[in-house]
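Working through the structure, step by step
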Amino acid sequence: MSRLTRREFGKVVGAGGASVIAVSGLPTFAIAQRTPKVVIIGGGAGGATVAHYVKDARNIDVTLIEANSTYSSSFFSNLYIGGIRSLESLDHGYARLRNHQIKVVHDRATDVDAVGKTVRTQGGTSFSYDRLVLSPGIDIKYDSVPGYSREAAALFPHAYNTDRAQKQLLKRQLEAMPDGGVVLMVTPNVPFRCPPAPYERACMIAHYLKTRKPRSKLVILDPKKAFSKQPVFTEAFDKYYKDIIELNLSTEIDDFTVVRLDGKAREVETKAGRRVRFDVANIIPQQRAGEIAVRAGCAEKDWCPVNPENFLSRNVKDVYVLGDASIAAEMPKSAFSANSQAKAVAADILAELAGKERFPVRYHNTCWSLLAPDDAVKVGATYAPKDGKLDPSGSFVSQKGEDAGLRKQNYAESTGWYENIIADMFAATPSSRSKG
Ligand SMILES: Cc1cc2nc3c(=O)[nH]c(=O)nc-3n(C[C@H](O)[C@H](O)[C@H](O)COP(=O)(O)OP(=O)(O)OC[C@H]3O[C@@H](n4cnc5c(N)ncnc54)[C@H](O)[C@@H]3O)c2cc1C
């Protein structure tokens with residue numbers, strides 16, 4: 001789906017996208033006499049894209065509820081940590097979606113009444129819907145690292161969501177640290193947002209240290225035995241950051257899961273009894289679906305089961321859940337995935353509205369990671385629904401020892417992708433990307 005242009009998308013869902021006449025055998029919006037209402041919670045990679053694509057059909061009342069007035073993207077934030085991009089370059093506003101006649105409400109959704117079909121916000125407003133779309137991303141499970149908490153995150157940032165201040169805090173702490181200091185990185189267990197991101201971050205922190213504070217160290221404590229794109233990451237750790245990065249992957253004997261964080265002593269202890277003292281700590285805990293998806297009744301344990309054909313919740317009627325909050329295995333939790341899923345969700349809503357036939361869906365993902373300036377690697381696949389899951393095909397992954405030209409080309413591809421996904425989410429043209 002992600003490769004459809006908006007013009008092609010319009011053809012798929014039909015030129016009469018505004019028609020609400022019930023066609024026998026096809027589900028339609030219940031109330032054909034009035035303009036149907038679609039409410040979307042979360043204006044990130046998934047939600048903003050759904051809003052943009054659904055609104056491209058006329059006569060739909062689209063409301064996007066987003067807590068923040070500026071979206072600070074998680075994707076590409078590691079490049080800011082590495083000193084390769086500015087913090088401002090991650091900021092995106094909602095003015096163009098407003099110009100698109102989408103009602104953008106900056107408020108926090110606090111409750112969903114799935115029977116009465118209404119959403120309530122912290123500001124006390126109530127919104128009724130015919131279809132609800134949830135793309136709230138992740139919430140951090142602070143207590144998954146004993147001693148860590150929401151308050152402790154103000155000292156030891158996770159910098160792993162759309163909170164702009166968290167990214168800035170980590171960067172400032174690295175800048176304030178004396179040369180010769182120790183940076184600690186604690187990584188999560190699967191499943192978590194963007195599997196290669198902690199290791200791209202390790203490269204970017206190490207790049208910063210190498211160029212500005214070369215006597216410093218980065219110690220990684222990893223509860224896992226293996227991780228995404230490991231061969232090319234470990235090759236880069238050796239090639240560029242040999243004297244800086246110390247990677248501790250868990251084994252049968254040594255478990256590097258952190259069991260205690262002592263903020264005062266600036267020390268952590270692992271299950272295997274290893275103690276590490278640090279000057280700066282980047283703690284990335286376990287994660288779960290954004291709270292509103294839990295309150296809506298869509299979550300089972302930490303994440304939300306969905307029908308892979310269209311991302312309709314398996315638990316709550318007329319509610320879609322996409323992006324990181326959903327269980328979309330084998331698709332990874334990424335912005336590329338969320339954006340691809342968003343087009344399937346929008347097409348499903350519009351097909352229902354127009355009483356049109358659905359077409360088989362295909363989703364796409366590519367995740368690039370920057371190892372060092374001009375040296376980027378990638379992993380990706382196409383996914384189709386099969387046996388209740390998303391079955392990958394056409395998988396590809398960067399290999400060790402690739403030539404510098406190819407890696408440079410990967411980097412150029414990744415920056416082009418960033419421009420394009422932002423344009424797709426926020427209804428901008430790639431060249432006019434701005435804070436809107
Ligand atoms: C360091 C890092 C690097 C990454 N790099 C990449 C990459 O290179 N490529 C890639 O594809 N992906 C990358 N990702 C992953 C990517 O950021 C996420 O997978 C993607 O943003 C998920 O989209 P989403 O719509 O589910 O959530 P988000 O994009 O996080 O959007 C969720 C939105 O919902 C809002 N929200 C939540 N709850 C409420 C509520 N109750 N009321 C109102 N608003 C609410 C939030 O404010 C937020 O704006 C990276 C992630 C990290 C942390």
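Residues numbered from 1 in each chain as written. Predicted model: local features only at pLDDT ≥ 70, side-chain atom pairs only at ≥ 80, totals over all residues. Heavy atoms only, no water.

1. What about the domain arrangement of the protein chain?
The domain boundaries assigned to the protein chain delineate domain 1 (6-67 + 107-139 + 289-360) and domain 2 (143-285). The C-alpha-based centres of domain 1 and domain 2 are spaced at 36 Å. Contact residues are listed per partner, giving six residues for domain 1 and six residues for domain 2. Here domain 1 and domain 2 share an interface that buries about 480 Å² over both sides, 63% of which is from carbon and sulfur atoms. (Domains from an automatic or database assignment. Contact = heavy atoms within 4.5 Å. Buried area = accessible area lost by both parts, 1.4 Å probe.)

2. Some details on the sheet that holds strand 5 (residues 103-106)
Here we have five strands laid out as an open sheet, ordered 5-2-1-9-20, and parallel in their pairing. In this open sheet, the two edge strands, each paired with only one partner strand, are strand 5 and strand 20 (319-321). Each strand axis lies, on average, 15° off the axis of its neighbour in the sheet, ignoring direction. Sheet topology note: the strand 1 (residues 37-41)/strand 9 (residues 131-134) ladder contains four bridges and is parallel. Looking across to strand 9, one finds that Val 39 is bridged to Leu 132. Against the sheet, helix 2 (residues 47-55) engages strand 1, strand 2 (61-66) and strand 9, with an angle of about 165° to strand 2. Each of strand 1, strand 9 and strand 20 is contacted by helix 9 (residues 335-354), which is oriented at about 160° to strand 20, the strand it contacts most. (Pairing = 2+ DSSP bridges. Helix = DSSP H or I, 4+ residues; strand = E, 2+ residues; numbered from the N terminus. Axes fitted to C-alpha atoms, helices over the stretch in contact; angles between N-to-C directions.)

3. Considerations on the site of the ligand
Inspection of the region around the ligand gives 37 residues, with Glu 66, Tyr 71, Ser 135, Arg 193 and Asp 324 positioned closest. Here a nitrogen atom of the ligand and a backbone polar atom of Ala 67 are 3.1 Å apart. Take Ala 109: an N or O atom from its main chain is 2.9 Å from a nitrogen atom of the ligand. Considered on its own, the ligand offers 1000 Å² of accessible surface; in the complex 96% of this is hidden by protein. If you list the elements that add at least two residues to the shell around the ligand, you get strand 2, helix 3 (77-81), helix 6 (197-212) and helix 9. (Near = heavy atom within 4 Å. Polar contact = N/O pair within 3.5 Å; in protein donor to acceptor, adjacent residues only side chain to side chain. Areas by Shrake-Rupley, 256 points an atom, 1.4 Å probe, with all protein chains shown as cover.)

4. Digging into the pairing of strand 23 (residues 375-386)
Regular strands show a simple pattern: their side chains alternate between the two faces of the sheet. With nine bridges joining them, strand 22 (residues 363-372) and strand 23 adopt antiparallel strand pairing. From the neighbouring strand, His 364 faces strand 23, where its bridge partner is Thr 382. Here strand 22 folds back onto strand 23 in antiparallel fashion, the turn holding two residues, of which Asp 374 has a positive phi close to 65°. Taken together, the seven bridges between strand 23 and strand 24 (residues 389-397) define a ladder with antiparallel strand orientation. Within strand 24, the residue paired with Ala 384 across the bridge is Asp 391. Counted along the chain from strand 23 to the antiparallel partner strand 24, the turn is two residues long, and its residue Asp 387 has a positive phi close to 50°.

5. A few points about the nonpolar core
As a rule of thumb, nonpolar side chains are buried together in soluble globular proteins. Grouped together as the largest cluster of nonpolar side chains are 130 residues, with contacts concentrated most on Phe 75 and Leu 218. Split by domain, this core shows at least three residues from each of two domains, domain 1 (6-67 + 107-139 + 289-360) and domain 2 (143-285). Every residue in contact with Leu 218, bar those within four places of it in the chain, is listed here: Val 183, Met 185, Ala 202, Ile 205, Leu 209, Ile 244, Ile 245 and Glu 246. (Core = buried A, V, L, I, M, F, W, Y, C linked by side-chain atoms within 4.5 Å. Buried < 20%, exposed > 50% of the residue type's maximum accessible area, 1.4 Å probe, protein only.)

6. Details of the packing of helix 6 against helix 7 (residues 230-241)
Two elements in contact, helix 6 and helix 7, have axes whose closest approach is 11 Å; the angle formed by their N-to-C orientations is 5°. It follows from the interaxial angle that helix 6 and helix 7 lie roughly parallel. In this structure, helix 6 contributes Tyr 199, Glu 200, Ala 202, Cys 203, Ala 206, His 207 and Lys 210 to the contact, and helix 7 contributes Phe 233, Phe 237, Tyr 240 and Tyr 241. Taken together, the residues of the contact of helix 6 with helix 7 sort by class into eight nonpolar, one polar and two charged. (Parallel < 35°, antiparallel > 145°, perpendicular 65-115°, else oblique. Nonpolar A, V, L, I, M, F, W, Y, C, P; charged D, E, K, R; others polar.)

7. Describing the packing of aromatic side chains
Here the structure, examined in full by the defined rule, presents 18 aromatic pairs. Centroid distance Phe 227 to Phe 233: 6.1 Å. Interplanar angle 50°. Geometry classified as tilted. The exposure class of Phe 227 is buried, given its relative accessible area of 9%. Residue classification places Phe 233 among the buried residues on the basis of a relative accessible area of 0%. Taken together, the ring pairs in this structure connect Tyr 71, Phe 75, Phe 76, Tyr 94, Phe 336, Trp 368, Trp 417, Tyr 418 and Phe 426 into an aromatic cluster. The ring of Trp 303 carries Lys 333 above its face, with NZ or CZ at 3.9 Å from the centroid. (Phe/Tyr/Trp six-rings, centres within 6.5 Å; stacked < 30°, edge-to-face > 60°. Lys NZ or Arg CZ within 6 Å of the ring centre and 35° of its normal.)

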